[in-house]
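# Structural overview for review
Here is what each chain is made of, one letter per residue.
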Amino acid sequence: MNAMSSDPPASLVPQVKRAIVIGASSGIGAALGRELVAQGYQVALLARRVDRLESLAAELNAGAFAPRALPIAHDVADVSAIPALMEQCCQELGGCDVVVYATGILRVPDEGTWDTAADLEQIQINVDGAVAWLNEAASLFARLGTGTIVGISSIAGERGRRRAPVYGATKAFLTHYLEALRNQLSSQGVRVVTIKPGYVESEMTAGMGNLLWLISAEEAARRIVAAIDGGPETLYVPRRWGLVSAVLHCTPSEIFRHLSV
């Protein structure tokens, strides 16, 4: 008589999901890495600051039977490296189900000054890097007929604010681009989620004083990960910013230009 196998049927073995998080060394990106691992994902963590990245991966892999977080050094300004990095991530993870672009920089110029170098740097990181990475994700998921793309935009992209005009413009671009990707890919089984946070505790918001509805990066990450599998394809974090957005879009330019927002 043959001994019965003690292994469960393949259909009963939980399917491990794989995610790539670009911009995972701090802020929302690092919090997303922690939350995704907590939800059972295997995650490739990409960022420029290698020391922080490796520290986060060591934290997430501590006590694990097998590594759950894979640190990969990457500067998103190097767009030529992205196709090979996408292939590397998929090979080392054994596939990919989710790609999150969480990289972004904010430069707030002094009133009445314009800094072209700083502005172009924001465009390079917030726009060029996002397009290069998410085009790769779109190509992969379209071939697979499944997958989720998540882009971290911002409430700052809703209108042309007096402060940080280029940062807001980059987020407006990202929102528009993600909507276009969604329209292209929805019939191919690919989900595209646009995240529009308000103020989140991070290095970016440090020193800004009292900020309206400030939430932790961890709380933002929980809401974002919950949106990956379902819910609205455009998510304000927290949701009350959606009402603010509606008001902003109804405000005439002649009035909006005088508001200190």
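Attention in this report is confined to the structure presented alongside it.

Basis of the calculations
Residues numbered from 1 in each chain as written. Predicted model: local features only at pLDDT ≥ 70, side-chain atom pairs only at ≥ 80, totals over all residues. Heavy atoms only, no water. Helix = DSSP H or I, 4+ residues; strand = E, 2+ residues; numbered from the N terminus. Rg over C-alpha atoms; globule rule 2.2 N^0.38 Å. Contact = heavy atoms within 4.5 Å. Areas by Shrake-Rupley, 256 points an atom, 1.4 Å probe, with all protein chains shown as cover. Lys, Arg positive; Asp, Glu negative; His and termini not counted. Charge placed at Lys NZ, Arg CZ, Asp CG, Glu CD. Core = buried A, V, L, I, M, F, W, Y, C linked by side-chain atoms within 4.5 Å. Buried < 20%, exposed > 50% of the residue type's maximum accessible area, 1.4 Å probe, protein only. Pairing = 2+ DSSP bridges. Right-handed = clockwise from strand over helix to strand, strands pointing away. Axes fitted to C-alpha atoms, helices over the stretch in contact; angles between N-to-C directions. Parallel < 35°, antiparallel > 145°, perpendicular 65-115°, else oblique. Left-handed = near helix turned anticlockwise from the far one by under 90°. Nonpolar A, V, L, I, M, F, W, Y, C, P; charged D, E, K, R; others polar. Expected span 1.5 Å × (residues − 1).

Turning next to the overall build of the protein. Counting its regular elements, the protein contains eight helices and seven strands. At 20 Å, the protein has a C-alpha radius of gyration in line with the 18 Å of a compact globule built from 261 residues. Considering only C-alpha atoms, the protein reaches an extent of 85 × 40 × 35 Å along its principal axes. If you take every contact in the protein between residues at least 6 apart in sequence, the share linking residues at least 24 apart comes to 70%. In the form shown here, the protein has an accessible surface area of approximately 13,500 Å², with 53% of it arising from carbon and sulfur atoms. The distance from the centre of the 22 positive side-chain charges to the centre of the 26 negative ones in the protein is 7 Å.

Moving on to the nonpolar core. Counting residues in each nonpolar core, the largest one holds 36 residues, and the members touching the most others are L45 and V150. For this core, the leading source of residues is helix α6 (residues 217-228), giving seven residues. Ignoring sequence-local partners within four residues, the contact set of L45 consists of V21, A24, G33, L53, L56, A57, L60, A69, L70, P71 and I72. Grouped together as the second largest cluster of nonpolar side chains are 32 residues, I20, A44, C89 and C96 included.

A regular strand places its side chains so that they alternate between the two faces of the sheet. Strand β1 (residues 18-22) sits mainly inside the fold: five of its five residues count as buried. In β1, alternate side chains face the same way, and those of R18, I20 and I22 on one face and A19 and V21 on the other are all buried. Direction of pairing for β1 relative to strand β2 (residues 42-47): parallel, over a ladder of five bridges. Bridged to I22 within β2 is L46. Traced from β1 through helix α1 (residues 27-38) to β2, the parallel crossover comes out right-handed. Alignment of β1 against strand β4 (residues 98-101), held across four bridges, turns out to be parallel. Across the sheet, residue I22 finds its bridge partner in β4, namely Y101.

This next bit is on the sheet that holds β1. Pairing within the open sheet is parallel, and its seven strands lie in the order β3-β2-β1-β4-β5-β6-β7. Lying at the two open borders of the sheet, with one neighbouring strand each, are β3 (69-73) and β7 (234-237). Each strand of the sheet is rotated relative to its neighbour by a mean of 15°, with strand direction disregarded. Note that strand β6 (residues 190-197) and β7 share four bridges and pair parallel. Considered in β7, the bridge of K196 is made with Y236. Set on the sheet, α1 makes contact with β1, β2, β4, β5 (147-152) and β6; between it and β2 the angle comes to about 165°. The sheet strands contacting helix α4 (residues 116-144) are β1, β2, β4, β5 and β6, and the helix crosses β4 at an angle near 170°.

Now for the packing of α1 against helix α2 (residues 50-61). For the pair α1 and α2, the least separation of the axes is 11 Å and the interaxial angle reads 20°. As summarised for this structure, α1 and α2 are arranged roughly parallel, according to the angle between their axes. Crossing angle aside, the handedness with which α1 passes α2 is right-handed. Every residue of α2 that contacts α1 at A30, G33, R34 and V37 is listed here: L56, E59 and L60. Grouping the constituent residues of the contact of α1 with α2 by class yields four nonpolar, one polar and two charged.

Turning our eyes to something else, we now look at helix α5 (residues 165-185). When the terminal C-alpha atoms of α5 are compared, their 30 Å separation across 21 residues agrees well with the 30 Å that a helix rising 1.5 Å per residue should span. Residues of α5 that are buried include every one of V166, Y167, G168, T170, K171, L174, T175, Y177, L178, L181, R182 and L185, and no others. At its buried positions, α5 is contacted by α4, β5, β6 and β7.

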